[in-house]
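Chains, contacts and geometry: an overview
Chain residues, written in single-letter form:
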Amino acid sequence: MSAAEPGRWSRRRPRSRPAVRRAAPVRLVTRLVVAQAAAAAAVGLAFSRRHLPSVLITLALVISLCVLAFLVRSGARGAWLTAVGFESVFFVYGVSRFVVDRYVGGTLFALVVAGTLLHPAVARAYSAVPGRLPGHERGEVGFADATGETFGEHAAG
């Protein structure tokens, strides 16, 4: 069979393009969070100068970033919301350490990761749900139905 025959192409399955588009931003954010953990460990431990509280805070930050990387890898909407929250806290913590200690480690990286998370393509990738969404097909009541009946729009009849 040649490629010009019409029957040959009809047997092929269509490719799943939305899954590929969804996976790329999720992998990007996961890699950025892992790189942020590595940079925080390298800079934080070098800056601590064997000061025990600084070492413990740096290790806690690195462990939380590793847990965040595993969570972000799932691609769930809750993981995205958690990551945005954690990155904003990391940024605020970094700014406060900069004001007090002139320490810049991780502040700029937290800003880059938060900016990446807030990009519309990345936000769409985390909000995409494979399969059909639940709703009116199953007979569930949505907000529009519930508010309409509250004000008596469906009561007549």
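Refer to the structure above for everything that follows.
Here is a short report on the structure shown in this document. On a predicted model such as this, the values are computed, not experimentally measured, just so you know.

**Digging into the environment of Leu 68**
Checked against the element boundaries, Leu 68 lands in helix α3 (residues 52-72). Its relative accessible area of 2% is what places Leu 68 among the buried residues. Leu 68 sits 18 residues away from Phe 86 along the chain, and the two C-alpha atoms are 8.2 Å apart. Among residues more than four places away in sequence, those in contact with Leu 68 are Val 33, Thr 82, Ala 83, Phe 86, Glu 87 and Phe 90.

**Some thoughts on the packing of helix α4 (residues 77-101) against helix α5 (residues 107-118)**
Two elements in contact, α4 and α5, have axes whose closest approach is 8 Å; the angle formed by their N-to-C orientations is 155°. One element, α4, and the other, α5, form an angle in the roughly antiparallel class. For α4 against α5, the interelement crossing comes out left-handed. Here Trp 80, Ala 83, Val 84, Glu 87, Phe 90, Phe 91, Gly 94 and Val 95 of α4 come into contact with α5, specifically with Thr 107, Ala 110, Leu 111, Val 113, Ala 114, Leu 117 and Leu 118. For the contact of α4 with α5, the per-class residue count stands at twelve nonpolar, two polar and one charged.

Rules used in this analysis
Residues numbered from 1 in each chain as written. Predicted model: local features only at pLDDT ≥ 70, side-chain atom pairs only at ≥ 80, totals over all residues. Heavy atoms only, no water. Helix = DSSP H or I, 4+ residues; strand = E, 2+ residues; numbered from the N terminus. Buried < 20%, exposed > 50% of the residue type's maximum accessible area, 1.4 Å probe, protein only. Contact = heavy atoms within 4.5 Å. Axes fitted to C-alpha atoms, helices over the stretch in contact; angles between N-to-C directions. Parallel < 35°, antiparallel > 145°, perpendicular 65-115°, else oblique. Left-handed = near helix turned anticlockwise from the far one by under 90°. Nonpolar A, V, L, I, M, F, W, Y, C, P; charged D, E, K, R; others polar.

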